[in-house]
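# Notes for the structure review
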Amino acid sequence: MNDVTSNRWRWAILLLPLLAFLLLVGFLLRGLFSDPTELSSALVGKPVPQFSVPNLYNTDERYDESILRGQPLLLNVWATWCPTCRAEHEYLNELAAQGVPIVGLNYKDDSLAKAVDWLNTLGDPYIANLFDADGAVALEFGVYGAPETFLIDAEGNIQYRHVGDVNERVWRGELGQRYRALAGITEEATQ
Amino acid sequence: MKQIIRATFFVAAMLVAPSLWLASMPAVQAQNLQEYQFEDPAQEALFRELIGELRCPKCQNQSIADSNAELAVDLRDRTYMMVRDGATKQQVIDFMVARYGDFVHYQPPMNIATSILWWGPIAVLVIGAFVIVFRVKQQRQTEVSLSDEEQAQLATLRAEKKDTDA
């Protein structure tokens, strides 16, 4: 009896390094496929910051944070110098056509004219266009690149941030799922 | 002896190399920072300390002092404005962490997510010490005692050895 239990102990101790090794392999393997540049936003769960920025089309007019309240919506940070923004633009047009409200935040663009020209030629998916020339509003949102897309609920609280382009795969994934949950759209309806 | 000298030299070189590298850093920073002028030297010192401690979220593994990415410039400008307007070190750090997360500060706070960074090395040392103590004790306990028969065998072997030596 005593021999059996001590034998078992020996096996357990012998297997311990193997177990530790497998754990380490799993951990490192995950690290290989995770993207260290994808940071979760520090603002998730917090209300949108206060701001006041000009309208991209008419700089005499100003928008403030109240434009982001009242309905679940996306806040898309973009610029004409950003190639990935161009890649996602067509998909944003599609989402807008489906009725998804998107507010555009033009982030430190080369010029106002370039930004307006972009929207005129590629289409304007945005319900409002904010012109953040010096990046001060983006800084309030913790933006560190473009494109970034924030999901904001009807009360104006930031629910999620997606870094990188929005496409069909992303919209099927967490960003889209969270939006549909907020907007009260069942997943089946979108299939 | 030669080996010991060589090993000592190697260790010394490894210790000195990083400090040489660090010593070369201020020169890199200086060319970035000429545009930031302060009237109060204490504020300038605080500014330099902060931009060395704040991490650029875009170009990871660089402080906002070292990086020339646009975002780093923006954050540097903001730090400059805040320090010049009399903000304390903690106020600037809190401002950045509220927007960019703990990631933006090179000295992470202690919480559940970062506890492994703080306690991991100590845990490894403690576990190692336990294993060594355990193994040494085990070895002492298993010192063999010989049976009478084996004692006799040993005695004859010793006697034989003495004979052959003589």
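Residues numbered from 1 in each chain as written. Chains lettered and ligands numbered in written order. Predicted model: local features only at pLDDT ≥ 70, side-chain atom pairs only at ≥ 80, totals over all residues. Heavy atoms only, no water.

Per an unreviewed UniProt entry, chain B carries the name Cytochrome c-type biogenesis protein and comes from Pseudidiomarina atlantica. Under the UniProt heading Function (unreviewed entry), the note attached to chain B is "Possible subunit of a heme lyase." Comment text from UniProt for chain B, heading Sequence similarities (unreviewed entry), reads "Belongs to the CcmH/CycL/Ccl2/NrfF family." (UniProt positions renumbered as here; feature names shortened; annotations may be inferred.)

### Overview of the state of the cysteines
All names here are of chain A. Taken as a whole and judged by the stated rule, the model has 1 disulfide over all chains. A sulfur-sulfur distance of 2.2 Å marks the disulfide that ties Cys-82 to Cys-85. Between Cys-82 and Cys-85, the S-S dihedral sits near 90°, and the bridge is therefore right-handed. One exposure class covers both Cys-82 and Cys-85, and it is buried. (Disulfide = S-S within 2.5 Å. Buried < 20%, exposed > 50% of the residue type's maximum accessible area, 1.4 Å probe, protein only.)

### A closer look at a nonpolar patch on the surface
Judged by side-chain polarity, Met-110, Ile-116, Leu-117, Trp-118, Trp-119, Ile-122, Val-126 and Phe-130 of chain B come together as a nonpolar surface patch covering roughly 910 Å² of accessible area. With a relative accessible area of 41%, Val-126 of chain B lands in the partly exposed category. (Patch = residues over 30% accessible without salt bridge, like charges linked within 9 Å, V, L, I, M, F, W, Y side chains within 5 Å. Areas by Shrake-Rupley, 256 points an atom, 1.4 Å probe, with all protein chains shown as cover. Salt bridge = Lys/Arg side-chain N within 4 Å of Asp/Glu carboxyl O.)

### Observations regarding the interface of chain A and chain B
Each partner contributes to the interface: chain A provides 17 residues, whereas chain B provides 15 residues. Remark: the boundary between chain A and chain B carries 4 salt bridges. For the pair chain A and chain B, the number of links is 4 residue pairs in polar contact (both at pLDDT 80 or more). Broken down by element, the residue count for the side of chain A that touches chain B peaks at 4 residues, all from helix 4 (residues 136–140) of chain A. (Contact = heavy atoms within 4.5 Å. Polar contact = N/O pair within 3.5 Å; in protein donor to acceptor, adjacent residues only side chain to side chain. Helix = DSSP H or I, 4+ residues; strand = E, 2+ residues; numbered from the N terminus.)

### Quick word on the sheet that holds strand 7 (residues 158–163) of chain A
Residue and element names in this part refer to chain A. Pairing in this open sheet of 5 strands is mixed, and the strands run 5-4-3-6-7 from one edge to the other. Strand pairing shows two members of the sheet lacking a second neighbour, strand 5 (128–132) and strand 7, which therefore form its edges. Between one strand axis and the next, the sheet turns by 20° as a mean value, whatever way the strands run. In terms of strand pairing, strand 6 (residues 148–152) meets strand 7 through 5 bridges, oriented antiparallel. Looking at strand 7, one finds that Ile-152 is bridged to Ile-158. Helix 3 (residues 112–122) rests against strand 3 (73–78), strand 4 (102–107) and strand 5 of the sheet, and its axis sits at about 130° to strand 3. (Pairing = 2+ DSSP bridges. Axes fitted to C-alpha atoms, helices over the stretch in contact; angles between N-to-C directions.)

### Some points on helix 2 (residues 83–98) of chain A
Residue and element names in this part refer to chain A. Between its terminal C-alpha atoms helix 2 stretches 24 Å, which fits the 22 Å expected from 16 residues at 1.5 Å a residue. The largest bend along helix 2 measures about 40° and falls at His-89. Restricting attention to buried positions, one finds in helix 2 the residues Cys-85, Glu-88, His-89, Tyr-91, Leu-92, Asn-93 and Leu-95. In this structure, the buried residues of helix 2 make contact with strand 3, strand 4, helix 3, strand 6 and helix 5 (168–172). Residue Gly-99 follows helix 2 closely and has a positive phi angle near 100°. (Expected span 1.5 Å × (residues − 1). Bend = angle between axes of the 7 residues up to and from the residue.)

### Some details on the environment of Asp-40 of chain B
All names here are of chain B. By secondary structure assignment, the location of Asp-40 is in the loop between helix 2 (25–32) and helix 3 (41–53). The exposure class assigned to Asp-40 is partly exposed, which follows from its relative accessible area of 35%. Separated by 2.9 Å, the side chain of Asp-40 and the backbone nitrogen of Ala-42 make a polar contact.

### Structural notes on the layout of surface pockets
Empty space within the largest pocket amounts to approximately 900 Å³. Those elements that provide at least two residues to the lining of the largest pocket are helix 1 (2–33) of chain A together with helix 6 (115–141) of chain B. Sorting elements by how many residues they give to the lining of the largest pocket places helix 1 of chain A first, with 3 residues. In this structure, the second largest pocket occupies an estimated 460 Å³ of space. (1 Å grid on protein atoms, 1.4 Å probe; cavity = no way out; pocket = protein on both sides within 12 Å on 5 of 7 lines; lining within 4 Å. Points joined across faces, edges and corners; volume = space filled by probe spheres on them.)

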